[in-house]
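Observations on the model geometry
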Amino acid sequence: MSKSSSKRASAAQDRLELIQSRVIVERDSVSSISSSDFPFHTSNRYSHIDFLEKIRKKLRVSIEKKSQYDMEFDLIGVDASIANALRRIMIAEVPTLAIEKVFVYDNTSIVQDEVLAHRLGLIPIKANPDEFDFKLSTEHPTDQNTIVFKLKQECKRNPKAAANETDPTKLYLNHNALIWEPKGDQADRFKDSQIRPVHQDILVAQMRPGQKIELEAHCEKGCGKEHAKWSPVATASYRLMPEIILKEEITGDLAIKFASCFTPGVVEVKDENVDGKTIEVAKVVNPRIDMVSREVLRHKEFEDKVQLTRIRDHFIFRVESTGILDSEKIVFDSLQILSSKCTMLLKALEVKLKEKKKEADENLKNENLMDIDI
């Protein structure tokens, strides 16, 4: 093969790989949406070792925004199966503590006992799950696997309230509040971080004078896959990084119209000096914030001037905590769980391969014995 033919073949292969690494957004449809059956195997140009090295070089995590309970980060260079596994682990497999059992001693409010218990279960509890054990169904509650809250409130009219007062918080006294009751050495263990509901003003039930609630609630450690009340995230989602490819320069009035087709801030119109003249030119400055509305594809004047894609292996994650755990801890715990799952799978495969090898050796030995007998 000549050098020119080799270069053309290489260029064609590079173009193919570019297409395979993008989701193509068209006016009325989305194409190239499926990745290969085997992640990262889009070409035969690389050996298995080359592929691993390529993945290692490309894999990157970039934290874009982070607060105590909210985090946005980019996961780059992985397959959608890995990104989705991480998302599902955040939702369903990072353990927290939530109210599991409610013992109602008295309830004269209008809220039924079972509805009251359900509402209590959904209250996020600020407690470090690493400090507690999972409670088995055969085990009794202890200070190592259970947190106890008590609620004992009777609603009374506030004698100091104004005659024309309509605000229930000022009109009535003794609104409901969960009180932590330490057991064993919990008071010493958590003296620097008191166990409590994440928010003290979460409404459990509205009562009126003469109504009373008295109960005891037991918190246990669990995971979101068993019940949503144990999920540490309000939301954990990802989207693919948008990409706006300009096939040719867009100038003048068209540039202003082009910019208006996108989310504000995605495209800016800048002045450029061309041959001594100042012209307005559209520049893509921040495709990250684009919502990919495809508005630009509705206009025929832009039909052959722009292409919208999404980068297949660039995931923009958004994690919002319920307040039980910091957003950073949720992500790190999820990565540790994913890593442990991979380790467990490799060990299981290793055991299976040893069993298969042993079985094959025994079969070969039996065949040799049969040959000797003959």
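Residues numbered from 1 in each chain as written. Predicted model: local features only at pLDDT ≥ 70, side-chain atom pairs only at ≥ 80, totals over all residues. Heavy atoms only, no water.

For the protein, an unreviewed UniProt entry supplies the name DNA-directed RNA polymerases I and III subunit RPAC1 and the organism Funneliformis caledonium. Under the UniProt heading Sequence similarities (unreviewed entry), the note attached to the protein is "Belongs to the archaeal Rpo3/eukaryotic RPB3 RNA polymerase subunit family." What UniProt states about the protein under its Subcellular location (unreviewed entry) heading is, verbatim, "Nucleus". (UniProt positions renumbered as here; feature names shortened; annotations may be inferred.)

It is worth spelling out the sheet that holds strand β5 (residues 96-107) at this point. As summarised here, the arrangement of the four strands in space is β5-β12-β7-β10, forming an open sheet in which the pairing is antiparallel. Looking at which strands have only one partner, the edges of the open sheet turn out to be β5 and β10 (179-180). In this structure, strand β7 (residues 147-154) lies alongside strand β12 (residues 212-222), joined through eight bridges in antiparallel fashion. Within β12, the position partnered with Q153 by the bridge is I213. Sitting on the sheet, helix α4 (residues 113-121) is in contact with β5 and β12, with an inclination near 150° to β5. (Pairing = 2+ DSSP bridges. Helix = DSSP H or I, 4+ residues; strand = E, 2+ residues; numbered from the N terminus. Contact = heavy atoms within 4.5 Å. Axes fitted to C-alpha atoms, helices over the stretch in contact; angles between N-to-C directions.)

This part is about the pattern of salt bridges. Throughout the structure, instances matching the rule amount to 24 salt bridges. Taking the shortest distance from any N to any O, the salt bridge between K341 and E93 comes out at 3.1 Å. Here K341, found in helix α8 (residues 327-373), pairs with E93, found in the loop between α3 (80-92) and β5; they are 248 residues apart in sequence, far enough to count as distant. With relative accessibility at 33%, the residue K341 sits in the partly exposed group. The class of E93 is partly exposed, set by a relative accessible area of 21%. Taking the shortest distance from any N to any O, the salt bridge between E214 and K212 comes out at 4.0 Å. (Salt bridge = Lys/Arg side-chain N within 4 Å of Asp/Glu carboxyl O. Buried < 20%, exposed > 50% of the residue type's maximum accessible area, 1.4 Å probe, protein only.)

Here the focus is unusual backbone geometry. We note that V292 has phi near 50°; this positive angle belongs to a residue other than glycine. Tracing the chain through its elements places V292 in the loop between β15 (277-284) and β16 (306-321). The residue R294 is not glycine, and still its phi comes out positive at about 70°. Here R294 is to be found in the loop between β15 and β16.

Attention now moves to the nonpolar core. Within soluble globular proteins, side chains that are nonpolar tend to cluster in buried spots. Counting residues in hydrophobic clusters, the biggest one holds 26 residues, and the most contacted among them are L116, L120, I147, F149 and I195. For this core, the secondary-structure elements that each account for two or more residues are β5, α4, β7 and β12. When near neighbours in sequence (up to four residues on either side) are disregarded, I147 contacts L97, A127, F132, W180, Q186, I195, A217, H218 and C219. If you look at the next biggest cluster of nonpolar residues, it comprises 23 residues, including I89, F317, V331 and I337. (Core = buried A, V, L, I, M, F, W, Y, C linked by side-chain atoms within 4.5 Å.)

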